[in-house]
Amino acid sequence: MTPLAHVGFTTPFAVLIAWQVGPESAAFFAGGAILIDLDHFIFYSLRTGRYNPIEMFAWFSENDKKCTPESYYGLNIFHAAETFILTAFAANYWPVISWLLLGMGFHLLLDLFWLYSHPVLSLKVRALSWAEHFLRRKRGELEFWRKL
């Protein structure tokens, strides 16, 4: 799902949260729902050595076209269950972080729905935890982009 789509789906909820709870909570929710995708930029930068976000979107779009339902894309570190667990732990000490966690969850649900409804990709294209990623690698699954 594109960042613009995430912004479009997130904005009405952020406005509602700002109206009912306050702007700080809305900002944390929106931040969690949108900034979670920074892991895509990190991945792109490490893979290509480039730091242009505009080029990144084209690069991912081209790679998505090379994917099949059996492809393994790999792990997006901020989308992993362990990141959610660490964020939930932090929310015990800073309650406003709960809104960040809620935004991250909202983002992940949008991503999973997008993968489920995608004509080529599937839910199993992406690992949802570090543990799953390491098990898949141990089984011999390699990220499809390593062969490009």
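Conventions adopted
Residues numbered from 1 in each chain as written. Predicted model: local features only at pLDDT ≥ 70, side-chain atom pairs only at ≥ 80, totals over all residues. Heavy atoms only, no water. Phe/Tyr/Trp six-rings, centres within 6.5 Å; stacked < 30°, edge-to-face > 60°. Helix = DSSP H or I, 4+ residues; strand = E, 2+ residues; numbered from the N terminus. Buried < 20%, exposed > 50% of the residue type's maximum accessible area, 1.4 Å probe, protein only. Contact = heavy atoms within 4.5 Å. Axes fitted to C-alpha atoms, helices over the stretch in contact; angles between N-to-C directions. Parallel < 35°, antiparallel > 145°, perpendicular 65-115°, else oblique. Nonpolar A, V, L, I, M, F, W, Y, C, P; charged D, E, K, R; others polar. Patch = residues over 30% accessible without salt bridge, like charges linked within 9 Å, V, L, I, M, F, W, Y side chains within 5 Å. Areas by Shrake-Rupley, 256 points an atom, 1.4 Å probe, with all protein chains shown as cover. Salt bridge = Lys/Arg side-chain N within 4 Å of Asp/Glu carboxyl O. Polar contact = N/O pair within 3.5 Å; in protein donor to acceptor, adjacent residues only side chain to side chain. 1 Å grid on protein atoms, 1.4 Å probe; cavity = no way out; pocket = protein on both sides within 12 Å on 5 of 7 lines; lining within 4 Å. Points joined across faces, edges and corners; volume = space filled by probe spheres on them.

**Considerations on the packing of aromatic side chains**
Aromatic ring pairs are described here by two measures, namely the spacing of the ring centres and the angle between the planes.
Here is step 1: Enumeration according to the criterion identifies 12 aromatic pairs in this entry.
Here is step 2: Look at tyrosine 44 and tryptophan 59: their rings are 5.6 Å apart centre to centre, the planes differ by 65°, and that puts the pair in the edge-to-face class. In this pair, tyrosine 44 sits in helix H3 (residues 38-48) while tryptophan 59 sits in helix H4 (residues 53-66), placing the two residues 15 residues apart along the sequence. No difference in accessibility class separates tyrosine 44 from tryptophan 59, as the two residues are buried.
Here is step 3: Here the aromatic cluster, defined as three or more aromatic residues joined through ring pairs, consists of Phe41, Phe43, Tyr44, Trp59, Phe60, Tyr73 and Phe144.

**Section: H3**
Here is step 1: What H3 keeps buried is the set Asp39, His40, Phe43, Tyr44 and Ser45.
Here is step 2: For H3, the secondary structure elements touched by its buried residues are H4 and strand E2 (126-127).
Here is step 3: Of the residues one or two after H3, glycine 49 is the one with positive phi, at around 80°.

**Points about the packing of H3 against H4**
Here is step 1: Running from N to C, H3 and H4 point in directions that differ by 85°, and their axes come no closer than 10 Å. In terms of axis orientation, H3 runs roughly perpendicular to H4. Contact residues: His40, Phe41, Phe43, Tyr44, Arg47 and Thr48 in H3; Pro53, Glu55, Met56, Trp59 and Phe60 in H4.
Here is step 2: Counted by class, the contact of H3 with H4 contains seven nonpolar, two polar and two charged residues.

**What about a nonpolar patch on the surface?**
Here is step 1: A cluster of nonpolar side chains, Phe89, Tyr93 and Trp94, forms an exposed patch at the surface whose accessible area comes to about 420 Å².
Here is step 2: Here tyrosine 93 falls in the exposed class, since its relative accessible area comes to 55%.

**Description of helix H7 (residues 130-138)**
Here is step 1: Looking at where H7 begins, the residue whose side-chain oxygen comes 3.4 Å from the main-chain nitrogen of alanine 131 is serine 129.
Here is step 2: Positive phi appears at glycine 140, one or two residues downstream of H7, with a value of about 105°.

**Considerations on the layout of surface pockets**
Here is step 1: Counted as a void, the largest pocket has a volume near 580 Å³.
Here is step 2: Met1, Pro3, Asp37, His40 and Phe60 are, among the 24 residues lining the largest pocket, the residues nearest its centre.
Here is step 3: Of all the secondary structure elements, the ones that give two or more residues to the lining of the largest pocket are helix H1 (3-20), helix H2 (23-35), H3, H4 and helix H6 (97-117).
Here is step 4: Ranked by residue count, the leading element in the lining of the largest pocket is H4, at five residues.
Here is step 5: The class makeup of the residues in the lining of the largest pocket is 14 nonpolar, six polar and four charged.
Here is step 6: Taken together, 16 residues line the second largest pocket, and the ones lying closest to its centre are Phe43, Leu46, Leu75, Ile77 and Trp145.

**Structural notes on empty space enclosed by the protein**
Here is step 1: Per the counting criterion, the structure on display carries one cavity of 30 Å³ or more.
Here is step 2: Of the pockets and cavities examined, the largest cavity occupies roughly 40 Å³.
Here is step 3: Lining the largest cavity, in full, are His40, Phe43, Phe60, Tyr73, Gly74, Leu75 and Asn76.
Here is step 4: If you list the elements that add at least two residues to the lining of the largest cavity, you get H3 and strand E1 (74-75).
Here is step 5: Of the residues contributing to the lining of the largest cavity, the split by class is four nonpolar, three polar and no charged.

**Thoughts on the side chain of serine 71**
Here is step 1: Here serine 71 lies in the loop between H4 and E1.
Here is step 2: Here the side chain of serine 71 touches threonine 68 through a polar contact of 2.8 Å, landing on its backbone nitrogen.
Here is step 3: Beyond its immediate stretch of four places on either side in the chain, serine 71 contacts Lys124, Val125 and Phe144.

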